[in-house]
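A look at the structure
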Amino acid sequence: MSGRSAALQPPSDAVTPVRHPDAPAPGELIGSHYGECFGCGDGQPHGLHLRVRAGEGLGITAEFTVQPAHQGAPGLAHGGVLTTALDETLGSLNWLLRTVAVTGRLETDFVRPVPVGTTLHLAAEVTAVAGRKIYSTATGRIGGPGGPVAVRADALFIEVKVDHFVHHGRQEEIRVAMNDPDQVRRARAFEVNP
Ligand SMILES: CCCCCCCC/C=C\CCCCCCCC(=O)SCCNC(=O)CCNC(=O)[C@H](O)C(C)(C)COP(=O)(O)OP(=O)(O)OC[C@H]1O[C@@H](n2cnc3c(N)ncnc32)[C@H](O)[C@@H]1OP(=O)(O)O
């Protein structure tokens, strides 16, 4: 049983977006957007350490190996952790559009259990854009990039200004992020090149 709710069906005025001319090249590894990010940061010992690569067109691929810290049932990945891997992969699609966006809605189908030690091969693509709404879809396969689907998701991301993070984030982390020259450069790049 699977399917998308009406909120994840692009409206009739949605368009197929174009890859931004300054998007990372196909095959290029897309670095972490924030060192403390649970999905992609190196600073989180039990994080997913997801490695994301730009694909062709509006696609992206990623890998994540399930660690003992990610268990729900004995020896199996927690469903919420798998959803996090899908969320992070889908969030990385923003780099292809050069927009800043946050997850508004995320619907996951859990198709097969994923044992600890398994590498999840993720693939995601943007399917449509309507104003600030970005529609996307992702799969996670086991046994290789062409293996059986274990999880899949559809999502709606909403474009926001960088102010979103500055306004809502806890001040101490914002301050540290502001003092990271690379983060500031990145934030500025988003502001002048939305
Ligand atoms: C110095 C610091 C520098 C920092 C630099 C940072 C760069 C970072 C780069 C990249 C970061 C990416 C991080 C990746 C991590 C993975 C992704 C995540 O997990 S993100 C976290 C989880 N998500 C949230 O925390 C969102 C919480 N929600 C909100 O903040 C708001 O609800 C928000 C922004 C999503 C929408 O609020 P509104 O007031 O701006 O807009 P409204 O009018 O409500 O919605 C706009 C349209 O979207 C639809 N919409 C909104 N939410 C929807 C929903 N849940 N379902 C369906 N439609 C929804 C609405 O119906 C509306 O549609 P109509 O224009 O009227 O057609």
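It should be emphasised that the depicted structure is a prediction, and the values quoted were computed from it without experimental measurement.

Quick notes on the nonpolar core
Looking at soluble globular proteins, one finds that nonpolar side chains tend to be buried together. Within the largest apolar cluster, 36 residues are counted, with the highest numbers of intra-cluster contacts made by Ala85, Leu86, Leu90 and Leu122. Setting aside residues up to four positions removed in sequence, leucine 90 forms contacts with Ala124, Ser136, Ala138, Ala153, Ala155 and Phe157.

Notes on unusual backbone geometry
In terms of backbone geometry, most residues other than glycine have negative phi values and most peptide bonds are trans. The phi dihedral of histidine 49 falls on the positive side, at around 50°, and the residue is not glycine. Take histidine 49: it is sitting in the loop between strand 1 (29–30) and strand 2 (51–54). Owing to 18 C-beta atoms within 10 Å, histidine 49 belongs among the partly exposed residues under this scheme. Non-glycine residue arginine 98 carries a positive phi angle of around 55°. The residue arginine 98 is located in the loop between helix 2 (94–97) and strand 4 (101–110) in this model. Overall, arginine 98 belongs to the partly exposed group, with 16 C-beta atoms counted inside 10 Å.

Observations concerning the site of the ligand
Close contacts around the ligand come from 25 residues, with Gly91, Val102, Gly104, Arg105 and Ile158 the closest. When contributions to the shell around the ligand are tallied by element, the ones reaching two or more residues are helix 1 (79–92), strand 4, strand 7 (149–159), helix 3 (163–168), helix 4 (171–179) and helix 5 (181–192). When residues of the shell around the ligand are assigned to their parent elements, the largest contribution, four residues, is made by strand 4.

A short note on the pairing of strand 2
Side chains Val52 and Ala54 of strand 2 all project onto a buried face; the interleaved residues Arg51 and Arg53 project onto a face where none is buried. The sheet contact formed by strand 1 and strand 2 spans two bridges and is antiparallel. Bridge pairing links leucine 29 to arginine 53 in strand 2. In terms of strand pairing, strand 2 meets strand 3 (residues 59–65) through four bridges, oriented antiparallel. From the neighbouring strand, arginine 53 faces strand 3, where its bridge partner is threonine 61. Connecting the antiparallel pair strand 2 and strand 3 is a turn made up of four residues, with glycine 57 showing a positive phi of about 55°.

Digging into the sheet that holds strand 5 (residues 119–130)
Neighbouring strands of a sheet are bound in pairs by backbone hydrogen bonds; such pairs are parallel or else antiparallel. In spatial order, the strands read 1-2-3-5-6-7-4; together these seven strands make up an open sheet with antiparallel pairing. Every interior strand has two partners, whereas the edge strands, strand 1 and strand 4, have only one. Most of the contacts of helix 1 go to strand 4, to which it runs at about 135°, and overall it touches strand 1, strand 2, strand 3, strand 4, strand 5, strand 6 (133–142) and strand 7.

A few points about the environment of serine 136
Inspection of the secondary structure assignment puts serine 136 in strand 6. In this structure, the C-alpha to C-alpha distance between serine 136 and leucine 58, residues 78 residues apart in sequence, is 9.7 Å. In this structure, serine 136 is in contact with Leu90, Leu93, Ala124, Glu125, Val126, Thr127, Ala155 and Phe157, ignoring residues within four places of it in sequence.

Conventions used here
- Residues numbered from 1 in each chain as written.
- Predicted model: local features only at pLDDT ≥ 70, side-chain atom pairs only at ≥ 80, totals over all residues.
- Core = buried A, V, L, I, M, F, W, Y, C linked by C-beta atoms within 7 Å.
- Buried ≥ 20, exposed ≤ 12 C-beta atoms within 10 Å, placed from the backbone.
- Contact = placed C-beta atoms within 7 Å.
- Helix = DSSP H or I, 4+ residues; strand = E, 2+ residues; numbered from the N terminus.
- Near = placed C-beta within 6 Å.
- Pairing = 2+ DSSP bridges.
- Axes fitted to C-alpha atoms, helices over the stretch in contact; angles between N-to-C directions.

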